[in-house]
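# Observations on the three-dimensional arrangement
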Amino acid sequence: MSLTAGVVAVQGDVEEHAAAIERAAQAHDREVTVREIRDSGLVPDCDLLAMPGGESTTISRLLHSEGIAPEIRDHVAAGKPLLATCAGLIVASSDAGDDRVEELGLLDVAVERNAFGRQRDSFEGALAVDGLADDEPYPAVFIRAPAIDDVGSGNAEVLASWDGRPVAVKQGPVVGTAFHPELTPDSRIHGLAFFENDDAAVPSLERGQ
């Protein structure tokens, strides 16, 4: 059975995330149909979900004004996987460090926006990430990237750090990254978020529930 993947498309690298999901699905011998999410009513039909970067205040405002925010919370509460990248990580956090952002509270972390500098300070680094399919460093692309300041009560597992600061975490079915995994042909982060744990990526219909 084909999985339905949603990419929250209010802002950010929507097409790049869709392509990365398709590459990761192919690498794991899964079939996937990708849908762009701009309105409420679509998330409940998704088996997995990506929330791209962009501008965290804008993303937060649109998610709530369009009624998508509670559907994302319900998606995660049902145990379905979510990958939140860069500004998506900020919105998914419990503390964005900015009163203009209404956080989703899906990751028990506090974040610092633009922790590694502005646009001109963008860089790529070879990153060791726990849980990847092999031990090869991941070519992480950092653009106006946040960093994780605090891992709260310890519910979030740190998967990777850069310069001593956490930049990838996992909590339940949610993976959050400070970098942009959609901007590299390496689809292992999407594979980790969506397909490494078979139960997380298989619809409840297939599990007989």
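Bear in mind the structure is a predicted one, so any value in this text is a computation, not a measurement. (Residues numbered from 1 in each chain as written. Predicted model: local features only at pLDDT ≥ 70, side-chain atom pairs only at ≥ 80, totals over all residues. Heavy atoms only, no water.)

## What about the nonpolar core?
Ranked by internal contacts, the top residues of the largest apolar core, which has 62 residues, are M51, L63, I72, V129 and F179. Non-local contacts of V129, meaning those with residues more than four positions away in its chain, are made with Y138, L159, A160, I189 and L192. (Core = buried A, V, L, I, M, F, W, Y, C linked by side-chain atoms within 4.5 Å. Buried < 20%, exposed > 50% of the residue type's maximum accessible area, 1.4 Å probe, protein only. Contact = heavy atoms within 4.5 Å.)

## Some remarks on the packing of aromatic side chains
Going through the model one piece at a time under the given rule, you end up with six aromatic pairs. For the pair F142 and W162, a centre-to-centre distance of 5.9 Å together with 40 degrees between the ring planes defines the contact as tilted. Residue F142 is found in strand β8 (residues 138–142), and its partner W162 is found in strand β10 (residues 157–162); the two are separated by 20 residues along the sequence. Note on F142: relative accessible area 1%, which makes it buried. The exposure class of W162 is partly exposed, given its relative accessible area of 26%. Ring geometry for F194 versus F195: centroids 6.2 Å apart, planes at 75 degrees, classification edge-to-face. In this structure, F194 and F195 share a single accessibility class: buried. Aromatic ring contacts, followed pair by pair, group F123, Y138, F142, W162 and F179 into a single cluster. (Phe/Tyr/Trp six-rings, centres within 6.5 Å; stacked < 30°, edge-to-face > 60°. Helix = DSSP H or I, 4+ residues; strand = E, 2+ residues; numbered from the N terminus.)

## Regarding the confidence of the model for the protein
Averaged over the protein, the pLDDT score is 89; the fraction of residues at 70 or greater is 89%. Contacts for the low-pLDDT stretch residues 199–209, under 50 throughout, to residues beyond four places or in other chains number 17 contacts. (pLDDT = per-residue confidence, 0-100.)

## Topic: the layout of surface pockets
Reported here for the largest pocket is a volume of approximately 220 Å³. Lining the largest pocket are 13 residues, with G54, C86, I143, R144 and H180 sitting closest to its centre. Looking at side-chain class alone, the lining of the largest pocket contains five nonpolar, five polar and three charged residues. (1 Å grid on protein atoms, 1.4 Å probe; cavity = no way out; pocket = protein on both sides within 12 Å on 5 of 7 lines; lining within 4 Å. Points joined across faces, edges and corners; volume = space filled by probe spheres on them. Nonpolar A, V, L, I, M, F, W, Y, C, P; charged D, E, K, R; others polar.)

## A word on the sheet that holds strand β11 (residues 165–171)
Overall, mixed pairing links the seven strands, which are arranged β2-β1-β3-β4-β12-β11-β10 in an open sheet. In this open sheet, the two strands that pair with only one neighbour each are β2 (32–37) and β10. Each strand axis lies, on average, 15 degrees off the axis of its neighbour in the sheet, ignoring direction. In this sheet, strand β4 (residues 82–85) lies alongside strand β3 (residues 48–51) in parallel orientation, the contact comprising three bridges. Bridge assignment links A50 to a residue of β4, and that residue is L83. Its contacts with the sheet place helix α1 (residues 14–27) against β1 (3–8), β2, β3 and β4, and it is angled at close to 160 degrees to β2. Of the strands in this sheet, β1, β3, β4 and β12 (174–177) are in contact with helix α3 (residues 69–77), which crosses β3 at around 130 degrees. (Pairing = 2+ DSSP bridges. Axes fitted to C-alpha atoms, helices over the stretch in contact; angles between N-to-C directions.)

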